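# Tertiary structure, described
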Amino acid sequence: MEPAADAHDPRTFTMDGRDVPFEAGQTVLRAALAAGRYVPHLCYHPEFDPHGSCKLCTVKLNGRTVASCTTLARAGDEVESDTPELQELRRNLVQFLFVEGNHFCPSCERSGSCTLQAVAYDLGVMAEHFSPFFPDRPIDASHPDVLLDFNRCILCELCVRASAEVDGKHVFALSGRGAQKHLIVNAESGRLADTRLAVEDKAMDVCPVGVILRKRRGFLVPIGERKYDQRSIREIATANAGSSARPPAAREP
Ligand code: SF4
Ligand code: FES
């Protein structure tokens with residue numbers, strides 16, 4: 001059990017009226033998760049610098065709207081997170097992600113271990129809200145061990161960062177701007193088979209949705225026994241959230 005924060009501890013901010021202790025250099029999101037306070041998020045990953053693209057972790061800090069994953073915690077700040085207004089904003093963002101791609105959840109190999117799906121359930125999103133775009137996106141089955149289903153990409157860039165920063169291979173990249181932004185494979189042919197991607201790579205394990213899939217592993221873990229079937233996303237995200245590392249890209253509010 002976390003020790004109660006001292007009311008006079010300068011390293012404390014409040015979230016929804018409750019004290020959250022933090023360490024110097026911690027972001028609001030990191031401190032909140034470490035204190036067992038879940039804030040929905042998608043593009044944040046504890047092993048990478050915060051990216052600030054999905055905006056799901058949006059909170060109000062002293063009345064101002066900020067991304068909690070890129071904002072440094074400061075003593076005395078008042079943060080609102082679990083409010084009807086912010087939850088509605090997050091629901092809209094998630095609903096938009098679902099219609100912007102083709103997710104086909106019932107037949108997706110990541111169903112039950114997909115972060116987007118788990119966040120949607122947490123927010124009470126049970127059905128499509130906006131009209132689907134039905135974009136025309138390819139599947140790349142050229143690699144002997146990996147299937148790439150572009151239909152579900154939410155452009156979080158985690159695979160891009162993992163491949164570049166951890167694997168040192170730069171297999172993935174984002175191309176285009178605005179609505180045209182999309183994931184590409186860094187090979188002259190554009191085919192995954194012509195990259196150095198290997199199943200042991202970090203890039204294989206960071207996708208929050210069902211884009212990067214191992215071949216011959218489909219449904220080995222039955223539906224009902226998967227990650228978010230066992231424990232809620234709140235429980236998983238706050239367990240072992242850690243507290244120390246300062247993400248270099250974090251900003252002062
Ligand atoms: S493939 Fe997955 S990890 Fe890569 S950008 Fe798309 S959603 Fe993110
Ligand atoms: S988790 Fe903060 S913007 Fe995506």
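Residues numbered from 1 in each chain as written. Chains lettered and ligands numbered in written order. Predicted model: local features only at pLDDT ≥ 70, side-chain atom pairs only at ≥ 80, totals over all residues.

## Here we look at the site of ligand 1
What surrounds ligand 1 is a group of 15 residues, the closest being Cys153, Cys156, Cys159, Cys207 and Val211. Each residue belonging to the shell around ligand 1 can be placed in one class, and the counts come to 14 nonpolar, no polar and one charged. (Near = placed C-beta within 6 Å. Nonpolar A, V, L, I, M, F, W, Y, C, P; charged D, E, K, R; others polar.)

## Observations regarding the pairing of strand 4 (residues 64-67)
Pairing analysis gives four bridges linking strand 3 (residues 58-61) to strand 4, with the strands arranged antiparallel. When the bridges of strand 4 are listed, Leu61 appears paired with Arg64. In textbook terms, the turn of a hairpin is the stretch between consecutive antiparallel strands, and for strand 3 and strand 4 this stretch comprises two residues, one of which, Asn62, has a positive phi near 50 degrees. (Pairing = 2+ DSSP bridges. Helix = DSSP H or I, 4+ residues; strand = E, 2+ residues; numbered from the N terminus.)

## Some thoughts on the sheet that holds strand 1 (residues 12-15)
Spatial strand order, 2-1-5-3-4: five strands in an open sheet with mixed pairing. This sheet does not close on itself; its edge strands, each paired only once, are strand 2 (18-21) and strand 4. Each adjacent strand pair in this sheet contributes to an overall mean axis angle of 35 degrees, direction not counted. Here strand 1 runs beside strand 2; their pairing, made up of four bridges, is antiparallel. Looking across to strand 2, one finds that Phe13 is bridged to Val20. (Axes fitted to C-alpha atoms, helices over the stretch in contact; angles between N-to-C directions.)

## Focus on the sheet that holds strand 6 (residues 139-140)
Reading across from one edge, 6-7-10 is the order of the three strands in this open sheet, with antiparallel pairing throughout. Two strands close off the open sheet at either side, each with one partner strand: strand 6 and strand 10 (212-214). Relative to strand 7 (residues 146-149), strand 6 runs antiparallel, the two being bridged by two bridges. Counterpart to Ile139 in the pairing with strand 7 is Asp149.

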